[in-house]
Amino acid sequence: MNTLLFPVILAGGKGERFWPLSRKDRPKQFLSLDGSSRSLLQATADRLLALGGSWDSLWVITSSQIAEGVRQQLPDLPVENLLIESEGRDTAAAVAWASLEIKQRYGEDAVIGFFPADHWIADQEAFAHTLSAATQLATSTAAIVTLGIKPTFPSTGYGYIEQGEKIGSFNELPAYHVNRFTEKPNRETAETFLSTGRFSWNSGMFVFRARVVLKELHTHAPEIIEPLEQHGPDIYPLLPKKSIDYALLEKTTLAYVLPVDFGWDDLGDWNAIERLLKTEETPNVEIATHVGLDTQGAIIYASNPEDVVVTIGLEDVVIVRDRNVTLVVKKERTQEIKQILKILQSDSRFTDLL
């Protein structure tokens, strides 16, 4: 890319729906879920560095609880490029703080991109092509550019972006003004969205110039940006907890979308493993030593290869064995893992399981 992009990795999430593999000392972004040797955080950094930047231009924002783990995962990241939140205040505060820091170092026209640490992307070349287009749009226009994933099925687990008027093409990709952002729909609404051809999944990735986003934050979220400008990150615990979607993107008139297709998954829960690794030749997805009888449609994971998982007559379940915990859940109910964690949190006997 001709214009330098400063990528920021958002690495403060917990990934609770991947419990018991994901725990306080080992959140989802530290895991390798595709059978490779690279964690999701490392794979994200690899992907962004491959765009032609350097460790000096890469930033990470994370929580104080896992900052040391980030340093271990990314030892080449400059210490000054690691922003450590004293307390998690959701993505609006993270975007505001990182944008202020990059503006201070590189100026108000610095182009910044934000990327979750725990996504999977299949086609690196198409991803790079897309970010070149997003950078061109952000450079030429007062724009907050979102990457909208072309939907492949009527998902009820993603938010959607409705595209409005086409405003041109960048790097041969069409760009549209955003008509609206929507919350996660029910099945019928999702099917309607897909039938129109105007909706894409909200990937949570976006690109803009520093001065554009900071001006829009002053307009739509002064309760976040003004305290940060006045007091710096020491004020962090007192900032309102809001997502960047709610605080800014749903309100600004400067949102644009690039509908793209580079093979993407946000790896929201254990069922994502099946989407990544399932083949027609195998009845189950097995990252474990598994001996099964009449078992199909299962996702089986064991962190210790010496642990043997034996199943008989099971269908459409997730089985996860990690350290001192075994999880068995129907695939259709993996979203309820968060409820189990609340039960465990309320009982002191289970503190070491979190």
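Quick caveat: nothing in here was measured; it's all calculated off a predicted structure. (Residues numbered from 1 in each chain as written. Predicted model: local features only at pLDDT ≥ 70, side-chain atom pairs only at ≥ 80, totals over all residues. Heavy atoms only, no water.)

Quick notes on the sheet that holds strand 16 (residues 317–322)
- Taking strand neighbours across the sheet as the criterion, the four strands line up as 12-14-16-17 in an open arrangement whose pairing is mixed. Two strands close off the open sheet at either side, each with one partner strand: strand 12 (285–287) and strand 17 (325–330). Here the average twist between neighbouring strands, direction ignored, is 5 degrees.
- Judged from the six bridges that link them, strand 16 and strand 17 form a sheet pairing that is antiparallel. For Val317, the partnering residue across the bridge sits in strand 17 and is Lys330. (Pairing = 2+ DSSP bridges. Helix = DSSP H or I, 4+ residues; strand = E, 2+ residues; numbered from the N terminus. Axes fitted to C-alpha atoms, helices over the stretch in contact; angles between N-to-C directions.)

Let's talk about the side chain of Ser39
- In this fold, Ser39 is placed in the loop between strand 1 (5–10) and helix 1 (40–49).
- The buried category is assigned to Ser39, whose relative accessible area is 3%.
- The contact partners of Ser39, leaving out residues within four places of it in the chain, are Gln29, Phe30, Leu31, Ser32 and Gln73. (Buried < 20%, exposed > 50% of the residue type's maximum accessible area, 1.4 Å probe, protein only. Contact = heavy atoms within 4.5 Å.)

As for the packing of aromatic side chains
- Enumeration over the complete set of coordinates arrives at 15 aromatic pairs.
- Residues Phe114 and Phe206 carry aromatic rings whose centres are separated by 5.8 Å and whose planes lie at 25 degrees to one another, so their mutual orientation is stacked. With Phe114 in strand 4 (residues 111–116) and Phe206 in strand 9 (residues 199–209), the pair connects residues that are 92 residues apart, well separated along the chain. Exposure class is identical for Phe114 and Phe206. Each is buried.
- By the ring-pair criterion, three or more aromatic residues cluster together here, those being Phe153, Tyr158, Trp201 and Trp264.
- The residue whose ring lies beneath Arg47 is Phe127, and the NZ or CZ to ring-centre distance is 6.0 Å.
- Over the ring of Tyr246 we find Lys251, and its NZ or CZ is 5.2 Å from the ring centre. (Phe/Tyr/Trp six-rings, centres within 6.5 Å; stacked < 30°, edge-to-face > 60°. Lys NZ or Arg CZ within 6 Å of the ring centre and 35° of its normal.)

With respect to the layout of surface pockets
- Size it by volume and the second largest pocket reaches roughly 170 Å³.
- Lining the second largest pocket are 15 residues; nearest its centre among them are Asp34, Ala43, Arg47, Trp120 and Ile121.
- Within the residue set of the lining of the second largest pocket, elements represented by two or more residues are helix 1 and strand 5 (120–121).
- Considered class by class, the residues forming the lining of the second largest pocket number six nonpolar, five polar and four charged. (1 Å grid on protein atoms, 1.4 Å probe; cavity = no way out; pocket = protein on both sides within 12 Å on 5 of 7 lines; lining within 4 Å. Points joined across faces, edges and corners; volume = space filled by probe spheres on them. Nonpolar A, V, L, I, M, F, W, Y, C, P; charged D, E, K, R; others polar.)

Structural notes on the nonpolar core
- Judged by nonpolar contacts, the single largest core of 47 residues is most densely connected at Ile9, Leu131, Leu258 and Phe262.
- The biggest single contributor to this core is helix 4 (residues 124–140), with seven residues.
- When sequence neighbours within four positions are dropped, the list of residues in contact with Phe262 reads Ile121, Ala122, Asp123, Ala126, Phe127, Thr130, Leu147, Ile149 and Met205.
- Within the second largest apolar cluster, 44 residues are counted, among which are Trp59, Phe181, Phe206 and Leu248. (Core = buried A, V, L, I, M, F, W, Y, C linked by side-chain atoms within 4.5 Å.)

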